[in-house]
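Structural overview for review
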Amino acid sequence: MKNVHVAGVGMIPFTKPSQAEDWDVMAEKAVRLALADAGIGYDQVEQAYAGYVYADSTAGQSALYRVGITGIPIVNVNNNCSTGSTALYLARQMVASGAAECVLAVGFEQMSPGAIGMIFNDRKRVMDLHQSVQEEIQGVAEGVPFAAQQFGGAGIDYQQRYGIGDEVFGMIAVKARRHAAGNPLALFRDPLTLEEVMAAKPLYGPVTRLQACPPTCGAAAAILVSPAFAARHGLDASVEIVAQALTTDTAAAFENRSMMSVVGYDMSKAAADQVYAAASIGPDDVDVVELHDCFTPNELITYEALGLTAEGTAERYIRDGQNSYGGKHVVNPSGGLLSKGHPLGATGLAQCYELTHQLRGTADRRQVEGARVALQHNIGLGGACVVTLYRKAGAA
(Lines give C-alpha, C1' and ligand atoms only; values in the text may rest on other atoms or scores of the structure.)
Protein backbone atom coordinates (compact mmCIF):
# COMPACT_ATOMS: atom_id res chain seq x y z
CA MET A 1 0.00 0.00 0.00
CA LYS A 2 1.31 3.42 -0.98
CA ASN A 3 1.40 6.55 1.15
CA VAL A 4 -1.44 9.01 0.58
CA HIS A 5 -1.24 12.77 0.92
CA VAL A 6 -3.96 15.41 1.25
CA ALA A 7 -2.98 17.85 -1.47
CA GLY A 8 -5.98 20.13 -1.31
CA VAL A 9 -9.08 20.82 0.78
CA GLY A 10 -12.10 23.06 0.32
CA MET A 11 -15.10 23.95 2.43
CA ILE A 12 -17.88 26.51 2.24
CA PRO A 13 -19.55 28.15 5.26
CA PHE A 14 -22.24 25.93 6.76
CA THR A 15 -25.66 27.56 6.85
CA LYS A 16 -29.24 27.11 8.01
CA PRO A 17 -31.54 25.35 5.52
CA SER A 18 -33.42 28.60 4.87
CA GLN A 19 -30.21 30.29 3.74
CA ALA A 20 -28.64 27.52 1.67
CA GLU A 21 -27.87 27.39 -2.03
CA ASP A 22 -28.80 24.32 -4.06
CA TRP A 23 -26.86 21.16 -3.23
CA ASP A 24 -25.06 21.04 -6.58
CA VAL A 25 -23.95 24.67 -6.29
CA MET A 26 -22.55 24.05 -2.81
CA ALA A 27 -20.71 20.93 -3.97
CA GLU A 28 -19.24 22.72 -6.98
CA LYS A 29 -17.91 25.54 -4.80
CA ALA A 30 -16.25 23.14 -2.36
CA VAL A 31 -14.63 21.16 -5.18
CA ARG A 32 -13.30 24.27 -6.88
CA LEU A 33 -11.85 25.45 -3.57
CA ALA A 34 -10.12 22.08 -3.07
CA LEU A 35 -8.72 22.11 -6.62
CA ALA A 36 -7.43 25.66 -6.15
CA ASP A 37 -5.91 24.73 -2.80
CA ALA A 38 -4.12 21.79 -4.42
CA GLY A 39 -3.10 23.84 -7.46
CA ILE A 40 -4.45 21.41 -10.06
CA GLY A 41 -7.22 21.28 -12.63
CA TYR A 42 -10.22 18.96 -12.60
CA ASP A 43 -8.81 17.28 -15.70
CA GLN A 44 -6.06 15.80 -13.50
CA VAL A 45 -8.57 14.04 -11.22
CA GLU A 46 -8.79 10.35 -12.11
CA GLN A 47 -11.71 9.26 -9.90
CA ALA A 48 -14.29 10.91 -7.66
CA TYR A 49 -16.39 9.80 -4.69
CA ALA A 50 -19.45 11.94 -3.89
CA GLY A 51 -21.12 11.60 -0.51
CA TYR A 52 -24.64 12.68 0.39
CA VAL A 53 -27.69 11.33 2.23
CA TYR A 54 -30.67 13.48 1.21
CA ALA A 55 -30.47 13.55 -2.60
CA ASP A 56 -31.48 11.33 -5.49
CA SER A 57 -29.30 8.77 -7.25
CA THR A 58 -26.36 10.12 -9.29
CA ALA A 59 -26.49 13.47 -7.53
CA GLY A 60 -22.71 13.22 -7.49
CA GLN A 61 -22.60 13.28 -11.26
CA SER A 62 -24.95 16.27 -11.40
CA ALA A 63 -22.78 18.19 -8.96
CA LEU A 64 -19.44 17.29 -10.52
CA TYR A 65 -20.60 17.92 -14.08
CA ARG A 66 -20.73 21.58 -13.05
CA VAL A 67 -16.97 21.39 -12.55
CA GLY A 68 -16.13 19.29 -15.61
CA ILE A 69 -17.45 16.48 -17.77
CA THR A 70 -14.41 14.27 -18.22
CA GLY A 71 -15.71 10.69 -18.24
CA ILE A 72 -14.00 9.65 -15.00
CA PRO A 73 -15.54 7.12 -12.62
CA ILE A 74 -17.88 8.87 -10.15
CA VAL A 75 -19.17 6.79 -7.24
CA ASN A 76 -22.08 7.96 -5.10
CA VAL A 77 -21.72 7.20 -1.38
CA ASN A 78 -24.36 7.06 1.38
CA ASN A 79 -23.37 5.80 4.83
CA ASN A 80 -25.62 7.95 7.00
CA CYS A 81 -23.74 10.52 9.09
CA SER A 82 -20.36 8.92 8.26
CA THR A 83 -20.93 9.46 4.53
CA GLY A 84 -18.25 12.11 4.00
CA SER A 85 -15.51 10.12 5.70
CA THR A 86 -16.63 6.97 3.87
CA ALA A 87 -16.07 8.83 0.59
CA LEU A 88 -12.65 9.83 1.94
CA TYR A 89 -11.97 6.20 2.92
CA LEU A 90 -12.76 4.95 -0.59
CA ALA A 91 -10.68 7.68 -2.22
CA ARG A 92 -7.73 6.85 0.00
CA GLN A 93 -8.02 3.15 -0.84
CA MET A 94 -7.75 3.90 -4.54
CA VAL A 95 -4.58 5.93 -4.11
CA ALA A 96 -3.05 3.59 -1.52
CA SER A 97 -3.63 0.57 -3.76
CA GLY A 98 -2.06 2.24 -6.77
CA ALA A 99 -5.29 2.14 -8.78
CA ALA A 100 -5.16 5.93 -9.15
CA GLU A 101 -2.81 8.77 -8.26
CA CYS A 102 -5.23 11.69 -7.88
CA VAL A 103 -8.71 11.15 -6.43
CA LEU A 104 -11.40 13.58 -5.32
CA ALA A 105 -13.75 13.09 -2.37
CA VAL A 106 -16.64 15.52 -1.98
CA GLY A 107 -19.53 15.60 0.48
CA PHE A 108 -22.59 17.81 0.40
CA GLU A 109 -26.03 18.08 1.96
CA GLN A 110 -29.10 20.24 1.55
CA MET A 111 -31.14 19.51 4.65
CA SER A 112 -34.64 20.45 5.74
CA PRO A 113 -35.42 22.39 8.93
CA GLY A 114 -36.11 20.39 12.06
CA ALA A 115 -34.94 17.07 13.43
CA ILE A 116 -33.73 14.28 11.16
CA GLY A 117 -36.47 11.78 10.36
CA MET A 118 -37.15 8.78 8.19
CA ILE A 119 -37.79 9.51 4.51
CA PHE A 120 -39.53 6.25 3.60
CA ASN A 121 -42.44 5.60 5.93
CA ASP A 122 -44.18 3.02 3.74
CA ARG A 123 -41.74 0.17 4.40
CA LYS A 124 -39.68 -1.50 7.10
CA ARG A 125 -37.40 0.83 9.05
CA VAL A 126 -33.81 0.80 7.87
CA MET A 127 -32.62 0.93 11.47
CA ASP A 128 -35.21 -1.52 12.73
CA LEU A 129 -32.63 -3.59 14.63
CA HIS A 130 -31.12 -0.58 16.43
CA GLN A 131 -34.49 0.93 17.24
CA SER A 132 -35.91 -2.36 18.43
CA VAL A 133 -33.06 -2.76 20.90
CA GLN A 134 -33.54 0.83 22.03
CA GLU A 135 -37.23 0.17 22.62
CA GLU A 136 -36.40 -2.91 24.71
CA ILE A 137 -33.94 -0.94 26.83
CA GLN A 138 -35.73 2.36 27.36
CA GLY A 139 -39.01 2.34 25.46
CA VAL A 140 -40.15 5.10 23.10
CA ALA A 141 -40.69 8.75 24.01
CA GLU A 142 -43.45 10.05 21.80
CA GLY A 143 -42.70 13.35 20.10
CA VAL A 144 -38.94 13.15 20.73
CA PRO A 145 -36.64 12.80 17.69
CA PHE A 146 -35.29 9.26 17.50
CA ALA A 147 -31.64 10.39 17.38
CA ALA A 148 -32.10 12.42 20.58
CA GLN A 149 -33.59 9.34 22.24
CA GLN A 150 -30.68 7.17 21.17
CA PHE A 151 -27.83 9.51 22.07
CA GLY A 152 -29.65 10.81 25.14
CA GLY A 153 -30.09 7.18 26.14
CA ALA A 154 -26.34 6.66 25.73
CA GLY A 155 -25.83 9.55 28.14
CA ILE A 156 -28.13 7.90 30.68
CA ASP A 157 -26.27 4.63 30.18
CA TYR A 158 -22.97 6.35 31.00
CA GLN A 159 -24.47 8.11 34.03
CA GLN A 160 -25.75 4.82 35.40
CA ARG A 161 -22.28 3.33 35.12
CA TYR A 162 -20.22 6.21 36.48
CA GLY A 163 -22.59 8.54 38.33
CA ILE A 164 -21.79 11.83 36.61
CA GLY A 165 -24.13 14.83 36.66
CA ASP A 166 -26.01 16.35 33.74
CA GLU A 167 -23.83 19.46 33.81
CA VAL A 168 -20.79 17.49 32.63
CA PHE A 169 -22.45 17.03 29.25
CA GLY A 170 -23.36 20.72 29.18
CA MET A 171 -19.71 21.68 29.61
CA ILE A 172 -18.99 20.09 26.23
CA ALA A 173 -21.46 22.43 24.52
CA VAL A 174 -19.82 25.44 26.20
CA LYS A 175 -16.41 24.30 24.97
CA ALA A 176 -17.73 23.78 21.43
CA ARG A 177 -18.95 27.37 21.18
CA ARG A 178 -15.72 28.69 22.64
CA HIS A 179 -13.75 26.90 19.94
CA ALA A 180 -16.16 27.91 17.17
CA ALA A 181 -15.56 31.59 17.89
CA GLY A 182 -12.39 31.26 15.82
CA ASN A 183 -14.02 29.48 12.88
CA PRO A 184 -15.61 31.75 10.24
CA LEU A 185 -17.13 28.70 8.53
CA ALA A 186 -19.10 27.58 11.61
CA LEU A 187 -22.82 28.23 11.89
CA PHE A 188 -22.89 29.17 15.60
CA ARG A 189 -19.99 31.25 16.93
CA ASP A 190 -21.52 33.17 19.85
CA PRO A 191 -20.44 31.99 23.33
CA LEU A 192 -22.72 30.05 25.65
CA THR A 193 -22.71 29.80 29.41
CA LEU A 194 -23.28 26.54 31.22
CA GLU A 195 -26.41 28.06 32.74
CA GLU A 196 -27.82 28.79 29.27
CA VAL A 197 -27.07 25.26 28.07
CA MET A 198 -28.72 23.61 31.05
CA ALA A 199 -31.77 25.90 30.95
CA ALA A 200 -32.51 25.15 27.29
CA LYS A 201 -35.44 22.93 26.29
CA PRO A 202 -34.91 19.34 27.48
CA LEU A 203 -34.77 16.73 24.72
CA TYR A 204 -34.04 13.36 26.33
CA GLY A 205 -32.08 12.30 29.39
CA PRO A 206 -29.30 14.80 30.11
CA VAL A 207 -29.53 16.38 26.65
CA THR A 208 -30.97 19.86 26.16
CA ARG A 209 -31.57 21.61 22.84
CA LEU A 210 -28.21 23.38 23.02
CA GLN A 211 -26.48 19.99 23.28
CA ALA A 212 -27.72 18.83 19.87
CA CYS A 213 -26.23 19.68 16.48
CA PRO A 214 -28.42 21.83 14.23
CA PRO A 215 -29.78 20.80 10.81
CA THR A 216 -27.33 22.37 8.40
CA CYS A 217 -26.49 22.68 4.72
CA GLY A 218 -22.98 22.75 3.30
CA ALA A 219 -20.21 21.04 1.36
CA ALA A 220 -16.55 20.12 1.70
CA ALA A 221 -13.99 18.34 -0.48
CA ALA A 222 -10.48 16.89 -0.47
CA ILE A 223 -7.92 15.97 -3.12
CA LEU A 224 -5.85 12.87 -2.29
CA VAL A 225 -2.68 12.09 -4.20
CA SER A 226 0.26 9.71 -4.24
CA PRO A 227 3.73 10.99 -3.28
CA ALA A 228 4.87 10.55 -6.87
CA PHE A 229 1.99 12.63 -8.23
CA ALA A 230 2.70 15.35 -5.66
CA ALA A 231 6.39 15.39 -6.59
CA ARG A 232 5.73 15.53 -10.36
CA HIS A 233 3.35 18.45 -10.04
CA GLY A 234 5.02 20.30 -7.17
CA LEU A 235 2.04 19.88 -4.82
CA ASP A 236 1.88 20.36 -1.07
CA ALA A 237 2.52 16.94 0.45
CA SER A 238 2.87 18.12 4.04
CA VAL A 239 -0.17 16.18 5.32
CA GLU A 240 -0.26 12.40 5.12
CA ILE A 241 -3.03 9.94 5.95
CA VAL A 242 -1.11 7.37 7.98
CA ALA A 243 -3.90 4.90 8.77
CA GLN A 244 -7.64 4.55 8.37
CA ALA A 245 -10.33 2.07 9.39
CA LEU A 246 -14.03 1.63 8.65
CA THR A 247 -15.99 -0.57 11.03
CA THR A 248 -19.60 -1.67 11.40
CA ASP A 249 -21.55 -3.14 14.30
CA THR A 250 -20.83 -6.54 15.77
CA ALA A 251 -23.45 -8.75 17.37
CA ALA A 252 -22.42 -7.43 20.78
CA ALA A 253 -23.95 -4.05 19.94
CA PHE A 254 -27.39 -5.66 20.08
CA GLU A 255 -26.80 -8.31 22.71
CA ASN A 256 -25.32 -6.44 25.68
CA ARG A 257 -28.33 -4.13 26.19
CA SER A 258 -26.29 -0.94 26.25
CA MET A 259 -27.37 2.29 24.57
CA MET A 260 -23.71 3.24 24.34
CA SER A 261 -23.23 0.21 22.11
CA VAL A 262 -26.37 0.96 20.11
CA VAL A 263 -24.99 4.38 19.13
CA GLY A 264 -21.60 3.00 18.15
CA TYR A 265 -19.20 2.98 21.09
CA ASP A 266 -17.94 -0.47 20.11
CA MET A 267 -17.51 0.48 16.45
CA SER A 268 -15.56 3.56 17.45
CA LYS A 269 -13.26 1.65 19.78
CA ALA A 270 -12.61 -1.06 17.20
CA ALA A 271 -11.79 1.47 14.47
CA ALA A 272 -9.49 3.46 16.75
CA ASP A 273 -7.68 0.33 17.91
CA GLN A 274 -7.11 -0.72 14.28
CA VAL A 275 -5.75 2.69 13.34
CA TYR A 276 -3.40 2.94 16.31
CA ALA A 277 -2.04 -0.53 15.59
CA ALA A 278 -1.55 0.16 11.89
CA ALA A 279 0.26 3.44 12.56
CA SER A 280 2.23 2.27 15.61
CA ILE A 281 0.87 5.36 17.36
CA GLY A 282 -1.12 5.64 20.58
CA PRO A 283 -3.73 8.17 21.72
CA ASP A 284 -1.13 9.96 23.83
CA ASP A 285 0.71 10.84 20.60
CA VAL A 286 -2.34 12.67 19.18
CA ASP A 287 -2.35 16.47 19.36
CA VAL A 288 -5.68 17.43 17.83
CA VAL A 289 -8.96 15.58 17.30
CA GLU A 290 -12.11 16.17 15.28
CA LEU A 291 -14.77 13.75 16.55
CA HIS A 292 -18.48 13.20 15.97
CA ASP A 293 -20.27 15.33 18.56
CA CYS A 294 -23.80 15.21 17.12
CA PHE A 295 -25.01 15.24 20.75
CA THR A 296 -22.88 15.95 23.80
CA PRO A 297 -23.13 12.38 25.17
CA ASN A 298 -21.53 11.10 21.99
CA GLU A 299 -18.52 13.36 22.43
CA LEU A 300 -18.14 12.22 26.02
CA ILE A 301 -18.32 8.49 25.35
CA THR A 302 -16.09 8.88 22.29
CA TYR A 303 -13.29 10.31 24.44
CA GLU A 304 -13.09 6.89 26.01
CA ALA A 305 -13.76 4.87 22.85
CA LEU A 306 -10.79 6.57 21.17
CA GLY A 307 -8.60 6.05 24.21
CA LEU A 308 -8.13 9.77 24.83
CA THR A 309 -8.91 9.06 28.48
CA ALA A 310 -9.47 5.80 30.36
CA GLU A 311 -12.94 4.30 30.74
CA GLY A 312 -14.91 6.03 33.47
CA THR A 313 -12.65 9.11 33.56
CA ALA A 314 -14.34 11.42 31.03
CA GLU A 315 -15.68 13.73 33.74
CA ARG A 316 -12.23 14.47 35.10
CA TYR A 317 -10.88 14.83 31.55
CA ILE A 318 -13.53 17.50 30.88
CA ARG A 319 -13.33 19.33 34.21
CA ASP A 320 -9.53 19.51 33.98
CA GLY A 321 -9.73 21.04 30.50
CA GLN A 322 -7.82 18.17 28.92
CA ASN A 323 -10.11 18.42 25.84
CA SER A 324 -9.14 22.01 24.97
CA TYR A 325 -6.18 24.32 24.39
CA GLY A 326 -3.49 23.78 26.97
CA GLY A 327 -4.80 20.30 27.75
CA LYS A 328 -3.85 16.80 26.66
CA HIS A 329 -5.75 17.01 23.35
CA VAL A 330 -7.59 19.81 21.58
CA VAL A 331 -10.92 18.23 20.66
CA ASN A 332 -13.03 19.81 17.90
CA PRO A 333 -11.13 23.08 17.45
CA SER A 334 -13.56 23.78 14.58
CA GLY A 335 -16.45 23.92 17.05
CA GLY A 336 -17.53 20.43 16.04
CA LEU A 337 -20.94 19.44 14.80
CA LEU A 338 -22.53 21.21 17.77
CA SER A 339 -21.39 24.65 16.59
CA LYS A 340 -20.15 24.20 13.03
CA GLY A 341 -23.27 22.29 11.99
CA HIS A 342 -23.83 18.80 10.61
CA PRO A 343 -24.70 18.59 6.89
CA LEU A 344 -24.56 14.81 6.88
CA GLY A 345 -22.66 14.14 3.67
CA ALA A 346 -20.21 16.98 4.22
CA THR A 347 -19.27 16.42 7.86
CA GLY A 348 -16.46 13.90 7.39
CA LEU A 349 -14.77 16.02 4.76
CA ALA A 350 -15.20 19.16 6.86
CA GLN A 351 -13.29 17.33 9.59
CA CYS A 352 -10.57 16.53 7.03
CA TYR A 353 -10.48 20.22 6.06
CA GLU A 354 -9.95 21.29 9.67
CA LEU A 355 -7.26 18.75 10.47
CA THR A 356 -5.37 19.42 7.24
CA HIS A 357 -5.14 23.10 8.14
CA GLN A 358 -4.14 22.23 11.70
CA LEU A 359 -1.21 20.12 10.49
CA ARG A 360 -0.22 22.71 7.89
CA GLY A 361 -0.20 25.34 10.63
CA THR A 362 -2.77 27.46 8.77
CA ALA A 363 -5.77 27.26 11.13
CA ASP A 364 -5.50 30.91 12.19
CA ARG A 365 -7.12 31.58 15.60
CA ARG A 366 -7.92 27.88 16.01
CA GLN A 367 -4.35 26.73 15.53
CA VAL A 368 -3.14 24.04 17.90
CA GLU A 369 0.46 24.93 18.59
CA GLY A 370 2.92 22.34 17.31
CA ALA A 371 0.24 19.99 15.96
CA ARG A 372 1.89 17.01 14.29
CA VAL A 373 -0.59 14.12 14.69
CA ALA A 374 -4.35 14.45 14.16
CA LEU A 375 -7.23 12.02 14.65
CA GLN A 376 -10.62 12.08 12.92
CA HIS A 377 -13.74 10.20 14.05
CA ASN A 378 -17.01 10.15 12.09
CA ILE A 379 -19.89 7.82 12.89
CA GLY A 380 -23.22 6.98 11.30
CA LEU A 381 -26.04 5.15 13.01
CA GLY A 382 -27.06 2.05 11.23
CA GLY A 383 -24.05 1.72 11.42
CA ALA A 384 -20.60 2.72 10.22
CA CYS A 385 -17.60 4.38 11.83
CA VAL A 386 -14.53 5.80 10.11
CA VAL A 387 -11.42 6.74 12.07
CA THR A 388 -8.54 8.41 10.22
CA LEU A 389 -5.08 9.25 11.49
CA TYR A 390 -3.15 12.12 9.87
CA ARG A 391 0.45 13.11 10.38
CA LYS A 392 2.52 16.09 9.41
CA ALA A 393 4.98 14.77 6.81
CA GLY A 394 8.32 14.03 8.37
CA ALA A 395 6.91 13.75 11.90
CA ALA A 396 8.12 10.66 13.73
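Residues numbered from 1 in each chain as written. Predicted model: local features only at pLDDT ≥ 70, side-chain atom pairs only at ≥ 80, totals over all residues. Heavy atoms only, no water.

A few points about the overall build of the protein chain
Under the convention used in this document: The helix count covers DSSP runs of H or I at least four residues long, the strand count covers runs of E at least two residues long, and both are numbered beginning at the N terminus. Accessibility here uses a 1.4 Å probe with only protein chains present; expressed as a share of the type maximum, an area under 20% marks a residue as buried, one over 50% as exposed, and anything in between as partly exposed. Residue contacts are defined here by distance: any two heavy atoms, one from each residue, within 4.5 Å place the two residues in contact. In short, Shrake-Rupley with a 1.4 Å probe defines the accessible areas, and a residue's cover is counted only from the protein chains shown. Only four residue types enter the tally: Lys and Arg on the positive side, Asp and Glu on the negative side, with His and both chain ends excluded. For charged residues, the charge sits on one atom: NZ in Lys, CZ in Arg, CG in Asp, CD in Glu.
Scanning the protein chain from N- to C-terminus turns up 15 helices and 12 strands. Oriented by its inertia axes, the alpha-carbon framework of the protein chain measures out at about 55 × 50 × 40 Å. Classification of the 396 residues of the protein chain by burial places 59% in the buried group. Contacts spanning at least 24 positions in sequence make up 77% of the contacts within the protein chain whose residues lie at least 6 apart. Here the protein chain displays about 14,700 Å² of accessible surface, and carbon together with sulfur accounts for 50% of that area. With 29 positive and 40 negative side-chain charges, the protein chain shows a separation of 3 Å between the mean positions of the two kinds.

Some remarks on the packing of aromatic side chains
Each aromatic ring pair is characterised by the separation of its centres together with the angle its planes make. As a reminder, the rule being used: The pairing test for Phe, Tyr and Trp rings, Trp by its six-membered ring, is centres within 6.5 Å, and the orientation test on the planes gives stacked under 30 degrees, edge-to-face over 60, and tilted for anything in between.
Scanning all chains against the criterion turns up five aromatic pairs. With a centroid separation of 5.2 Å and 20 degrees between ring planes, the pair formed by Y52 and F108 is classed as stacked. With a gap of 56 residues between them, Y52 in the loop between strand 2 (47-51) and helix 2 (59-64) and F108 in strand 4 (residues 102-109) connect regions that are remote in the sequence.

Things to note about the packing of helix 3 (residues 83-97) against helix 15 (residues 344-360)
To characterise two packed helices, one gives the angle between the axes of the helices and the distance between these axes. As a reminder of what qualifies: Fitting a line to C-alpha atoms yields each axis, with helices limited to the stretch in contact; the angle taken between N-to-C directions then spans 0 to 180 degrees. Just so you know how the angles are binned, under 35 degrees is roughly parallel, over 145 roughly antiparallel, 65 to 115 roughly perpendicular, and the rest oblique. Classification used: nonpolar for Ala, Val, Leu, Ile, Met, Phe, Trp, Tyr, Cys and Pro, charged for Asp, Glu, Lys and Arg, polar for all others including Gly.
Taken N-terminus to C-terminus, the directions of helix 3 and helix 15 make an angle of 60 degrees; their axes are 5 Å apart at the nearest point. Considered as vectors, helix 3 and helix 15 are oriented oblique to each other. Two secondary-structure elements touch here, helix 3 through T83, G84, S85 and L88 and helix 15 through L344, G345, G348, L349 and C352. Grouping the constituent residues of the contact of helix 3 with helix 15 by class yields four nonpolar, five polar and no charged.

A look at helix 11 (residues 265-279)
Under the convention used in this document: To estimate the expected span of a helix, count its residues, drop one, and scale the result by 1.5 Å. This arc describes the spread of directions from the helix axis toward the C-beta atoms.
An ideal rise of 1.5 Å per residue puts 21 Å on 15 residues; helix 11 measures up with 21 Å between its terminal C-alpha atoms. Here helix 11 has its buried residues at Y265, M267, S268, A271, A272, V275, Y276 and A279. Down the axis of helix 11, the buried side of the element spans an arc of 160 degrees, and every buried residue falls inside it. Exposed residues on helix 11 whose side chains face more than 90 degrees from its buried face are A277 and A278. Those residues of helix 11 hidden inside the fold are in contact with strand 8 (239-247), helix 10 (259-262), helix 12 (296-305), strand 11 (373-380) and strand 12 (384-392). Two residues or fewer past helix 11, S280 is found with a positive phi of approximately 55 degrees.

Topic: the sheet that holds strand 9 (residues 288-290)
In plain terms, the rule: For two strands to be treated as a pair, DSSP must find no fewer than two bridges joining them.
Spatial ordering of the open sheet is given by 3-2-4-7-1-8-12-11-9-10, a layout of 10 strands whose pairing is mixed. If you trace the sheet from one side to the other, it starts and ends with strand 3 (74-77) and strand 10 (330-331), each paired once. In this sheet, strand 12 lies alongside strand 8 in antiparallel orientation, the contact comprising eight bridges. The partner of T247 across the bridge, within strand 12, is C385.

A closer look at the packing of helix 5 (residues 146-162) against helix 12
This is how the line gets drawn: Left-handed describes a crossing in which the near helix is turned anticlockwise from the far one by less than a right angle; the clockwise case is right-handed.
Following both chains from N to C, one finds helix 5 and helix 12 inclined at 50 degrees, their axes separated by 8 Å at the closest point. One element, helix 5, and the other, helix 12, form an angle in the oblique class. Considering the relative orientation of helix 5 and helix 12, their crossing is left-handed. Between helix 5 and helix 12, the contacting residues are F151, A154, G155, Y158 and Y162 on the first element and P297, N298, L300, I301 and E304 on the second.

Let's talk about the environment of G51
Relative to the helices and strands, G51 is located in strand 2. Here G51 falls in the buried class, since its relative accessible area comes to 0%. Along the sequence, G51 and Q93 sit 42 residues apart, while their C-alpha atoms lie 16 Å from each other.

Structural notes on the pairing of strand 7 (residues 218-225)
Of all eight residues making up strand 7, eight are buried, and the element is well covered by its neighbours. On strand 7, burial covers both faces: G218, A220, A222 and L224 on one face and A219, A221, I223 and V225 on the other are all buried. Two strands pair when backbone bridges link them, and strand 1 (residues 4-11) and strand 7 are joined in this way by six bridges, in the antiparallel orientation. Paired with G10 across the bridge in strand 7 is A221. Of the strand pairs in this sheet, strand 4 and strand 7 are connected by eight bridges, and their pairing is antiparallel. Its bridge partner being in strand 7, E109 is matched across the sheet by G218.

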